[in-house]
Amino acid sequence: MSTVVVVAAVIVAPGRRVLAAQRAEPAALAGGWEFPGGKVEPGESEVAALVRECREELGVEVSVGERVGEDWPIDGGYVVRVWLCSLASGTPQAKEHLALRWLGPGEYYDVEWLGADLAIMKTVENLLLRD
Ligand SMILES: Nc1nc2c([nH]c(=O)n2[C@H]2C[C@H](O)[C@@H](COP(=O)(O)OP(=O)(O)OP(=O)(O)O)O2)c(=O)[nH]1
């Protein structure tokens with residue numbers, strides 16, 4: 001069986017702010033914070049999945065930039081693949097999440113990240129603070 005790929009978008013806004021989203025479901029993950037995204041559908045490219053998920057979950061169009069890190073393994077035998085993105089149009093709305101938060105430097109760890117996302121946030125922080 002092939003690995004299920006979950007794509008996640010680190011949407012970066014001016015001031016090195018990143019968008020965090022609080023999961024509504026399933027019960028085991030509800031209340032935890034993640035980067036918006038979801039599973040790649042059969043026949044769909046990873047970048048197309050990222051754009052689709054941001055449209056569905058946030059009501060925004062994103063431009064996809066550089067890939068962050070390698071594969072992050074998560075429960076269920078899935079892997080998460082992450083890209084830096086920027087907003088091309090729209091203002092994010094919590095269509096499927098409990099809440100959204102923009103986190104600037106000094107606030108990156110103010111939410112209860114899901115396990116993999118804490119490691120992702122650390123890698124993103126290094127990338128954003130390098131320049
Ligand atoms: N979207 C997202 N999912 C993550 C992250 N970190 C992490 O462990 N996950 C897990 C939670 C879920 O078990 C899985 C993603 O599933 P999902 O429910 O977001 O996918 P989906 O939108 O395609 O949903 P569905 O079709 O299954 O309803 O990956 C993350 O940063 N973003």
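Residues numbered from 1 in each chain as written. Predicted model: local features only at pLDDT ≥ 70, side-chain atom pairs only at ≥ 80, totals over all residues. Heavy atoms only, no water.

Caption draft 1: Just the side chain of Asp117, in detail. Along the chain, the position of Asp117 falls in helix α2 (residues 115-129). One buried charged residue, Asp117, remains without a salt bridge, the closest side chain of opposite sign being Arg23 at 7.8 Å. Here Asp117 is in contact with Trp33, Glu34 and Phe35, once residues within four sequence places are set aside. (Helix = DSSP H or I, 4+ residues; strand = E, 2+ residues; numbered from the N terminus. Buried < 20%, exposed > 50% of the residue type's maximum accessible area, 1.4 Å probe, protein only. Lys, Arg positive; Asp, Glu negative; His and termini not counted. Salt bridge = Lys/Arg side-chain N within 4 Å of Asp/Glu carboxyl O. Contact = heavy atoms within 4.5 Å.)

Caption draft 2: Up close: the pairing of strand β6 (residues 79-89). Pairing geometry for strand β1 (residues 5-13) and β6, over seven bridges, is parallel. By the bridge assignment for β6, Ala9 is matched with Trp83. Bridge analysis of strand β5 (residues 61-73) against β6 gives eight bridges, and the strand direction is antiparallel. By the bridge assignment for β6, Val62 is matched with Leu87. With antiparallel pairing between neighbouring strands as the criterion, β5 and β6 make up a hairpin whose turn holds five residues, including Gly76 at a positive phi of roughly 90 degrees. (Pairing = 2+ DSSP bridges.)

Caption draft 3: Representation of the side chain of Gln22 within the structure. Among the secondary structure elements, Gln22 is positioned in strand β2 (residues 17-22). A polar contact is formed between the side chain of Gln22 and the backbone oxygen of Gly31, at a distance of 3.0 Å. When residues no more than four places from it in sequence are discounted, the contact partners of Gln22 are Gly31, Gly32, Trp33, His97, Leu98 and Ala99. (Polar contact = N/O pair within 3.5 Å; in protein donor to acceptor, adjacent residues only side chain to side chain.)

Caption draft 4: A look at the nonpolar core. Formed by 21 residues in total, the largest nonpolar core has its most connected members in Val18, Val82, Trp113 and Val124. Looking at this core, the elements that each hand over two or more residues are β1, β2, β5, β6 and α2. In terms of residue count, the dominant contributor to this core is α2 (five residues). Apart from the residues within four sequence positions on either side, Val82 is in contact with Ala8, Val10, Glu66, Arg67, Val68, Trp72 and Ile120. With 15 residues, the next largest nonpolar core counts Leu50, Cys54, Trp83 and Cys85 among its residues. (Core = buried A, V, L, I, M, F, W, Y, C linked by side-chain atoms within 4.5 Å.)

Caption draft 5: Molecular detail of the pattern of salt bridges. Counted by the stated rule, this structure contains eleven salt bridges. Arg52 serves as the salt-bridge partner of Glu44, at 2.6 Å between the closest nitrogen and oxygen. Pair check on accessibility: Glu44 and Arg52 agree, each one buried. Among the charged side chains, a network of salt bridges with common partners joins Glu41, Glu44, Arg52, Glu53 and Glu56.

Caption draft 6: Molecular detail of the site of the ligand. Taken together, 13 residues lie around the ligand, and Arg23, Glu34, Phe35, Lys39 and Asp117 are the ones closest in. The side chain of Arg23 places a nitrogen or oxygen atom 3.0 Å from an oxygen atom of the ligand. Note that a nitrogen atom of the ligand is positioned 2.7 Å from one of the backbone N or O atoms of Phe35. Contact with the protein chains covers 73% of the free accessible surface of the ligand, which is 630 Å². Looking at the shell around the ligand, the elements that each hand over two or more residues are β1, β4 (37-39) and α1 (46-58). By residue number, the principal contributor to the shell around the ligand is β4, which donates three residues. Here the shell around the ligand is built from residues that sort into five nonpolar, two polar and six charged. (Near = heavy atom within 4 Å. Areas by Shrake-Rupley, 256 points an atom, 1.4 Å probe, with all protein chains shown as cover. Nonpolar A, V, L, I, M, F, W, Y, C, P; charged D, E, K, R; others polar.)

These results come straight from atomic positions and should not be treated as a statement about function.
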